[in-house]
Structures are given as C-alpha cells and as structure tokens.
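Examining the three-dimensional arrangement
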Amino acid sequence: ECKIVDENGEKVEQGEVGELCVKGPGVMTCYYNDPKATAETIKDGWLFTGDMAMQDEDGFYFLVDRKKDVIISGGENIYPVQIENFLTAYDKVQDVACIGLPDARLGEITGAIIQIKEGMTCTEEEINEYCKELPRYKRPRRIIFAEVPRNATGKIEKPALRKKYGAEHL
C-alpha cells in the first residue's frame, strides 16, 4: 500500500506533494538495534520513506525530492532537484547542486553550487538571466561556482556542501 501525507501524517489531496509512506509484507519492520530511528520512521505500520512525492490523476506516483533536501524559503517549499535539472540544461553547466542556506529574513534561501564545463567561463549574471524562466521563488538567491562533490555511486554529497557553506543545522 502507498499513501502520501503532510507534516501531520494526514493524507494529502491527489496532485499535492507530501511524504511517501508504504506498508506491506515486504517493508522493513525496524532498524537493527535502533528503536529511536525505528519509531521515527515506522508509525502505525507505515514506513515513512523520507521521499517527497505526488500522485497524478491517473494514480501514478512521482518522486519529487528527498524530504531532508526541501528548502523552505519564506514559507514556500522549494524542491532542489527541479532547479538542478533546470540548471543542468544550460550549455555551460557541467553539474549543479542546490541547498538551503541560512537567511535572517526568509529562514533559508536557495544556493546553487555550479560546476562549469571545462574550458568554459560563466558569470553569475548569465545564470541569473537563464533562471528568469523559473518562477521568482524558485530562482537561486546565491550562486557559487565550485566543484560539486559526488560519492562513489554518483550521488551529490549534500551534507558536505551544507557543512562547507554553513547550513548543516537547517
């Protein structure tokens, strides 16, 4: 079984984004020797996956992003993978990672760590101009040109980026 729930564990309307929960005989029952992690992840037999998802009108489920990666800026939920996919399409961009950065007014803002293709140059103004196709609230507020670290399986090391840019406690 699958369901998508809000922060309070209540089922969301079809088409809305929430956390994906699964239940069934093939789903894990606990974390080995870790009752605290088990209690945080399994509630009333439902496994809270940590994946943000939505269900379309045909009943298909789509993963949107990881819950821990969602940026909440001024009350808006921003899903980094959407911005990363958009920026990766820019011809000068080799790789990109978006993370939340601390902001006194908005709580957090979107920071884009952008790795430019070898032999090319790019400016913050170019990126900002390209991002005008995005809704204003989704546009990165801070552009950082740097290498995007990935682990051996190719996954972006966002915890390392959060630590490096002072956002590990968000």
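To keep things clear, this report deals only with the structure shown in the data block. (Residues numbered from 1 in each chain as written. Predicted model: local features only at pLDDT ≥ 70, side-chain atom pairs only at ≥ 80, totals over all residues. Heavy atoms only, no water.)

**As for the overall build of the protein**
For the protein, the count of helices and strands is 4 helices and 10 strands. A sequence separation of at least 24 residues applies to 52% of the contacts in the protein between residues at least 6 apart. Summing over all exposed atoms, the protein offers an accessible surface of approximately 10500 Å²; the carbon and sulfur share of this is 49%. For the protein, the centre of its 23 positive side-chain charges and the centre of its 31 negative side-chain charges are spaced 4 Å apart. (Helix = DSSP H or I, 4+ residues; strand = E, 2+ residues; numbered from the N terminus. Contact = heavy atoms within 4.5 Å. Areas by Shrake-Rupley, 256 points an atom, 1.4 Å probe, with all protein chains shown as cover. Lys, Arg positive; Asp, Glu negative; His and termini not counted. Charge placed at Lys NZ, Arg CZ, Asp CG, Glu CD.)

**Examining the side chain of T110**
As for its placement among the helices and strands, T110 is situated in strand β9 (residues 107-116). Accessibility expressed as a relative area gives 1% for T110, which makes it buried. Apart from the residues lying within four places of it in its own chain, the contact partners of T110 are I71, I78, I83, C98, I99, R139, P140, R141 and R142. (Buried < 20%, exposed > 50% of the residue type's maximum accessible area, 1.4 Å probe, protein only.)

**Concerning the packing of aromatic side chains**
For any two aromatic rings, the description comes down to two numbers: the centre-to-centre distance and the angle of the planes. In total, this model carries 2 aromatic pairs according to the counting rule given. Aromatic pair Y90 and Y130: ring centres 4.6 Å apart, planes at 40°, arrangement tilted. Here Y90, found in the loop between α2 (80-88) and β8 (93-103), pairs with Y130, found in helix α3 (residues 124-130); they are 40 residues apart in sequence, far enough to count as distant. In textbook terms, an aromatic cluster arises when at least three aromatic residues are bridged by ring pairs, as seen for F86, Y90 and Y130. (Phe/Tyr/Trp six-rings, centres within 6.5 Å; stacked < 30°, edge-to-face > 60°.)

**Looking at the sheet that holds β8**
Reading across the sheet, the 3 strands line up as β8-β9-β10 and stay open at both edges, with mixed pairing between neighbours. Two strands in the sheet have a free side with no partner beyond their single neighbour: β8 and β10 (142-145). Strand-to-strand twist of the sheet, defined as the mean angle between neighbouring strand axes without regard to direction, takes the value 25°. Sheet topology places β9 next to β10; 4 bridges connect them, and they run parallel. Directly across from G111, in β10, lies its bridge partner R142. Contacts from α2 reach β8 and β9, with the element oriented near 145° to β8. (Pairing = 2+ DSSP bridges. Axes fitted to C-alpha atoms, helices over the stretch in contact; angles between N-to-C directions.)

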